Amino acid sequence: MSALMQQLNETAAYIRSQVSGSAAIGIILGSGLGNLSKEIITEKEIPYQDIPHFPVSTVEGHKGKLILGSLGGKPVWVMAGRFHYYEGYTPAQVAYPVRVMHMLGVQTLLLSNAAGGVKTGMKVGDLMIINDHISFFTENPLLGRNEEALGTRFPDMSEPYSRDLINRMKQIAATHNIPLQEGVYTGVTGPTFETRAEYRLIHALGGDAVGMSTVQETIAAVHCGMKVFAMSVITDIGIREEENTITHEEVLQAARDAEPKLTLLFREMVQSL
Ligand code: HPA
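What this report covers is the structure whose coordinates are included nearby. (Residues numbered from 1 in each chain as written. Predicted model: local features only at pLDDT ≥ 70, side-chain atom pairs only at ≥ 80, totals over all residues. Heavy atoms only, no water.)

### Quick look at the packing of aromatic side chains
Each aromatic ring pair is characterised by the separation of its centres together with the angle its planes make.
So, step 1. A full pass over the atoms with the stated rule returns six aromatic pairs.
So, step 2. Here tyrosine 48 and phenylalanine 54 contribute two aromatic rings whose centre-to-centre distance is 5.1 Å and whose plane-to-plane angle is 50°, an arrangement assigned as tilted. We note that tyrosine 48, like phenylalanine 54, is buried.
So, step 3. Pairing phenylalanine 54 with tyrosine 96 gives two aromatic rings, centres 6.3 Å apart and planes at 75°, and the pair type is edge-to-face. With phenylalanine 54 in the loop between strand E2 (41-47) and strand E3 (65-71) and tyrosine 96 in helix H2 (residues 91-103), this residue pair connects regions lying 42 residues apart in the sequence.
So, step 4. An aromatic cluster is built from Tyr48, Phe54, Phe83, Tyr89 and Tyr96, whose rings are joined through pairwise contacts. (Phe/Tyr/Trp six-rings, centres within 6.5 Å; stacked < 30°, edge-to-face > 60°. Buried < 20%, exposed > 50% of the residue type's maximum accessible area, 1.4 Å probe, protein only. Helix = DSSP H or I, 4+ residues; strand = E, 2+ residues; numbered from the N terminus.)

### Here we look at the site of the ligand
So, step 1. The ligand sits among Ala114, Ala115, Gly116, Phe193, Glu194, Tyr199, Val210, Gly211, Met212, Thr235, Asp236 and Val251.
So, step 2. Contacts to the ligand include alanine 114, whose backbone N or O atom sits 3.3 Å from a nitrogen atom.
So, step 3. The contact in question runs from an oxygen atom of the ligand to an N or O atom on the side chain of tyrosine 199, over 2.7 Å.
So, step 4. When the ligand is considered free in solution it has 260 Å² of accessible area, and contact with the protein chains removes 96% of it.
So, step 5. Elements supplying a minimum of two residues to the shell around the ligand: strand E5 (108-117), strand E8 (209-211) and strand E9 (227-237).
So, step 6. At three residues, E5 tops the list of elements feeding residues into the shell around the ligand.
So, step 7. In the shell around the ligand, the residues fall into seven nonpolar, three polar and two charged. (Near = heavy atom within 4 Å. Polar contact = N/O pair within 3.5 Å; in protein donor to acceptor, adjacent residues only side chain to side chain. Areas by Shrake-Rupley, 256 points an atom, 1.4 Å probe, with all protein chains shown as cover. Nonpolar A, V, L, I, M, F, W, Y, C, P; charged D, E, K, R; others polar.)

### Considering the nonpolar core
So, step 1. Within the largest apolar cluster, 78 residues are counted, with the highest numbers of intra-cluster contacts made by Ile27, Trp77, Met169, Phe229, Met231 and Phe266.
So, step 2. Look past the residues within four positions of methionine 231 in its chain and what remains in contact with it is Leu111, Ser112, Asn113, Leu127, Met128, Ile129, Ile130, Met169, Leu180, Leu262, Leu265 and Phe266.
So, step 3. Of all hydrophobic cores here, the second largest spans nine residues; its members include Ala114, Val188, Met212 and Val251. (Core = buried A, V, L, I, M, F, W, Y, C linked by side-chain atoms within 4.5 Å. Contact = heavy atoms within 4.5 Å.)

### Thoughts on the pairing of strand E1 (residues 25-29)
So, step 1. Counting buried positions along E1 yields five of five residues, so the element is predominantly enclosed.
So, step 2. One ladder, built from four bridges, connects E1 with E5; its direction is parallel. Paired with isoleucine 25 across the two strands is threonine 108, which belongs to E5. (Pairing = 2+ DSSP bridges.)

### Considering the environment of lysine 170
So, step 1. Topologically, lysine 170 is positioned in helix H3 (residues 163-175).
So, step 2. Separated by eleven residues in sequence, lysine 170 and glutamine 181 have C-alpha atoms that sit 9.9 Å apart.
So, step 3. The residues contacting lysine 170, other than those within four sequence positions of it, are Ile129 and Glu182.
So, step 4. At a separation of 2.8 Å, a polar atom in the side chain of lysine 170 contacts the side chain of glutamate 182.

### A look at a nonpolar patch on the surface
So, step 1. A contiguous nonpolar patch, built from Phe137, Leu201 and Leu205 and spanning about 260 Å² of accessible area, is present on the exposed surface.
So, step 2. Considering the arrangement of structural elements, one finds phenylalanine 137 in the loop between strand E6 (127-134) and H3.
So, step 3. Overall, the relative accessible area of 35% leaves phenylalanine 137 in the partly exposed class. (Patch = residues over 30% accessible without salt bridge, like charges linked within 9 Å, V, L, I, M, F, W, Y side chains within 5 Å. Salt bridge = Lys/Arg side-chain N within 4 Å of Asp/Glu carboxyl O.)

Rendered as structure tokens:
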């Protein structure tokens, strides 16, 4: 067995030893969006630092724990806090918890993130269904030796975000009169926010939003056969007329403001699965 599979087995065995149940749905919460975890009826919370081979999250706004609980009556694994490339983790480390979820039986992965709006007409606080992504500005987590036990060497990426889940979410949002944007998420490394020229470049390339997470996790999830749904909270607008700047505090605040809507949508999505 490869070193990676051995580690994944050890991590999964530890987590299983800490809980009595399991779940086929996984959720990864983005910056300022950790409060969804308050809606969860928790069976067990495991701080990341207790989990063998798990990276430990450092950025403000990230709580850093794995939760097994139920949301809308359905069992879920929730990662409150994620690992970003800009923190110094390798793409394989960023992808690691997704692979752990796979080992734990997760088949559907729901992701949230804070992102900069690039599409014309977007406003701070908008929610955007991610229907595709651009990964070329980030490092692919599948570079290097392929782990055949997880997936194929050259995974198809024609539909990284499940059509079925996107349609479900549109129906849920329509029922609650919650308007949604839909578009392409462009993954970047950060930690700098983009320059004006970079936002224009992303726009020209067909990106509708830009952010520092999600893409590597999605690639790892699709590689091991999961269905993925992802939603961005638009926390700032990249292409702007005025001379305003972007701060991390502003991003966190906008994410917190949008959180009740996102929480409702994710809860109903989980319920519908
Ligand atoms: N750019 C990159 N990442 C982000 C942004 C942004 O404008 N907003 C929140 N995360």
